[in-house]
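Overview (structure and organization)
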Amino acid sequence: MTAWNAPALRRFARREWGPLFWTVRGALARDKWRAIPMTIGAVCLTSVFQIVQNTSWGFQPVQNLGSVKAVDPLWLALLRTPLSLFVPALDLPVWGALAQILLVFGISEICIGWWRTLVIGYVATLAGTTYARIGLSLGPDDPLGLPVSDRIVNDTGPSAAVVGLAIYVCWRYRAYLTGAVVVLVMIGEVLVKNNLAGKEHLAAIAAVMAVCVVRAKWGPERSRAPLGGRPPPLDTRPG
């Protein structure tokens, strides 16, 4: 990095991440962990599910409460969806799920509020669940289809919600390049490892981007965070 482009880089960083950074920093400086009660609850619930599902007696109860598969009847999948966000994937380290929830859910809770965080998270998760059923109906020969074996694969747990929330917060705070990078990473995931989880992530992104378009076109006229510098006080932050 040379001296001549350092000011431009600082201006870019201030424009891309400044409003988001100051919103999160201000809330944590003022309220500390009290700024993210829902996120802390989600981390604790995910930890409990992880501990219980790894016991000799707890695996099946956890699956019955929060495991969603395309083979399940739709009514059962919808019934399990609220808890499915907090059941970590069996084939991935739990610390990854906990870190994702703490970071992305926490930032989202501060920036858009706890109930919008849950709504966007569930929209993303339901989009992935819906795609799995559509993909199976299309079959493996269709570019958007899925093999029959995916009908018994667990849905993505918290990861689809995490991806959807990242896209929504980036849009809401005008961190457009960061949001584009998230999309490209998810596309790369599908190209490298063409599995159900990766395609569900893309479905989650598509659903949340549709929400962003609808909100931008027909949503209430509310001021966004400024393009640079410190954001407005937290009681007037954007929703």
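Residues take numbers from 1 onward in each chain, read along the sequence in its written order. In keeping with the predicted nature of the model, local features appear solely for residues at pLDDT of at least 70, side-chain atom pairs appear and are counted solely at 80 or more, and the whole-chain, interface and lining totals rest on all residues. Hydrogens and waters are ignored; side-chain quantities use all the structure's heavy atoms.

**Considerations on the packing of aromatic side chains**
A pair of aromatic rings is counted whenever rings of Phe, Tyr or Trp (Trp by its six-membered ring) have centres within 6.5 Å, and the orientation is called stacked for planes under 30 degrees apart, edge-to-face for over 60 and tilted otherwise. Tallied over the full model, the rule gives 3 aromatic pairs. Ring centres of F12 and W17 lie 5.5 Å apart, and the angle between their planes is 80°; this geometry places the pair in the edge-to-face category. Exposure classes here rest on a 1.4 Å probe applied to the protein chains alone. A residue is buried below 20% of its type maximum, exposed above 50%, and partly exposed in between. With relative accessibility at 22%, the residue F12 sits in the partly exposed group. Judged by its relative accessible area of 41%, W17 is partly exposed. Directly above the aromatic system of W218 lies the positively charged group of K217, at a separation of 5.5 Å from the ring centroid. Two conditions define a charge sitting above a ring: the NZ of Lys or the CZ of Arg must be within 6 Å of the ring centre, and it must be within 35 degrees of the ring normal.

**Looking at the environment of A175**
Secondary structure elements follow DSSP: runs of H or I of four or more residues count as helices, runs of E of two or more count as strands, with numbering from the N terminus. In this fold, A175 is placed in the loop between α7 (159-172) and α8 (176-192). Put simply, A175 and W17 are 158 residues apart on the chain and 6.3 Å apart in space, counted from C-alpha to C-alpha. Should any heavy atoms of two residues lie within 4.5 Å, those residues are considered in contact. Not counting the four nearest positions on each side in its chain, A175 is found in contact with E16 and C170.

**Side note on a nonpolar patch on the surface**
Together, L184, I187, L191 and V192 make up an exposed nonpolar region whose accessible area comes to about 460 Å². Tracing the backbone shows L184 in helix α8. Patch rule: a residue counts if its relative accessible area is over 30% and it has no salt bridge; like charges are joined within 9 Å, and nonpolar side chains (Val, Leu, Ile, Met, Phe, Trp, Tyr) within 5 Å. For accessible areas, the Shrake-Rupley method is used with a probe of radius 1.4 Å. Any residue's cover is judged against the shown protein chains and nothing else. Salt bridge criterion: a side-chain nitrogen from Lys or Arg within 4 Å of a carboxyl oxygen from Asp or Glu.

**So, the pattern of salt bridges**
Counted under the stated rule, the structure contains 2 salt bridges. Among the salt bridges present, the one from D31 reaches R30, with a minimum N-O distance of 2.8 Å. Salt-bridge contacts for R80 lead to D72; the nearest nitrogen and oxygen are separated by 3.5 Å.

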